[in-house]
Amino acid sequence: MTPEKPEEAMTFGELLQLISEQQRRLSVLEIAFSYLSFSLDEKANQLLIHNLMLEAQNQNRDALMQKYFAQLAEELARASCR
């Protein structure tokens, strides 16, 4: 399956390639986001961490998403203590 021909079936190899590409793109976003937090002043960084913790408790999100929000908040909190 390709964007040009969405009706075609995707091979297993193509699926693995797509997953790999998406993982790399996600890694870039995670790294960029972590650097962005360093450019925030202390108050803005604390607000970001607080809001991420609120998302971790948001019942509209599934348990795995809540876990990832909590992990990100914890990582940012640890980084801000350095």
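Placed above this text is the structure.
The rules behind these values
- Residues numbered from 1 in each chain as written.
- Predicted model: local features only at pLDDT ≥ 70, side-chain atom pairs only at ≥ 80, totals over all residues.
- Heavy atoms only, no water.
- Axes fitted to C-alpha atoms, helices over the stretch in contact; angles between N-to-C directions.
- Helix = DSSP H or I, 4+ residues; strand = E, 2+ residues; numbered from the N terminus.
- Parallel < 35°, antiparallel > 145°, perpendicular 65-115°, else oblique.
- Left-handed = near helix turned anticlockwise from the far one by under 90°.
- Contact = heavy atoms within 4.5 Å.
- 1 Å grid on protein atoms, 1.4 Å probe; cavity = no way out; pocket = protein on both sides within 12 Å on 5 of 7 lines; lining within 4 Å.
- Points joined across faces, edges and corners; volume = space filled by probe spheres on them.
- Nonpolar A, V, L, I, M, F, W, Y, C, P; charged D, E, K, R; others polar.
- Core = buried A, V, L, I, M, F, W, Y, C linked by side-chain atoms within 4.5 Å.
- Buried < 20%, exposed > 50% of the residue type's maximum accessible area, 1.4 Å probe, protein only.
- Salt bridge = Lys/Arg side-chain N within 4 Å of Asp/Glu carboxyl O.
- Expected span 1.5 Å × (residues − 1).
- Arc of directions from axis to C-beta.
- Polar contact = N/O pair within 3.5 Å; in protein donor to acceptor, adjacent residues only side chain to side chain.

What follows covers the packing of helix 2 (residues 42-56) against helix 3 (residues 63-81). Interaxial distance between helix 2 and helix 3 falls to 7 Å at its minimum, and their mutual angle equals 160°. With respect to each other, helix 2 and helix 3 are oriented roughly antiparallel. Taken as a pair, helix 2 and helix 3 cross one another with a handedness that is left-handed. For the pair helix 2 and helix 3, contact is made by N45, Q46, L48, I49, L52, M53, E55 and A56 and by Q66, F69, A70, L72, A73, L76, A77 and S80, respectively.

Another point: the layout of surface pockets. There is about 540 Å³ of room inside the largest pocket. Lining the largest pocket are 16 residues, with E30, F33, Y68, L72 and E75 positioned closest to its centre. Every element with two or more residues in the lining of the largest pocket is listed here: helix 1 (12-38) and helix 3. Looking at the lining of the largest pocket, the element that brings in the most residues is helix 3, giving 9 residues. In terms of residue class, the lining of the largest pocket is built from 9 nonpolar, 3 polar and 4 charged.

Within the largest apolar cluster, 7 residues are counted, these being I49, L52, A56, F69, A70, A73 and L76. Those elements giving two or more residues to this core turn out to be helix 2 and helix 3. Ranked by residues supplied to this core, first place goes to helix 3 with 4 residues.

Our focus in this paragraph is the pattern of salt bridges. Here the structure, examined in full by the defined rule, presents 1 salt bridge. With its nearest N and O atoms 2.7 Å apart, the salt bridge here joins E55 to R61. Residue classification places E55 among the partly exposed residues on the basis of a relative accessible area of 25%. Look at R61 and you get partly exposed, because its relative accessible area is 32%.

Further remarks concern the side chain of S37. Within the secondary structure layout, S37 lies in helix 1. Judged by its relative accessible area of 8%, S37 is buried. Filtering out sequence-adjacent residues up to four positions away, S37 remains in contact with N45, L48 and L76.

Its 15 residues place the ends of helix 2 21 Å apart at the C-alpha level, agreeing with the 21 Å of an ideal helix rising 1.5 Å per residue. Taken as a whole, helix 2 has its buried residues at N45, I49, L52 and A56. Projection of helix 2 onto a plane perpendicular to its axis shows the buried side chains occupying an angular sector of 60°, all on one side. Buried positions along helix 2 lie against helix 1 and helix 3. The N-cap residue of helix 2 is D41: its side-chain oxygen and the backbone nitrogen of K43 are 3.2 Å apart.

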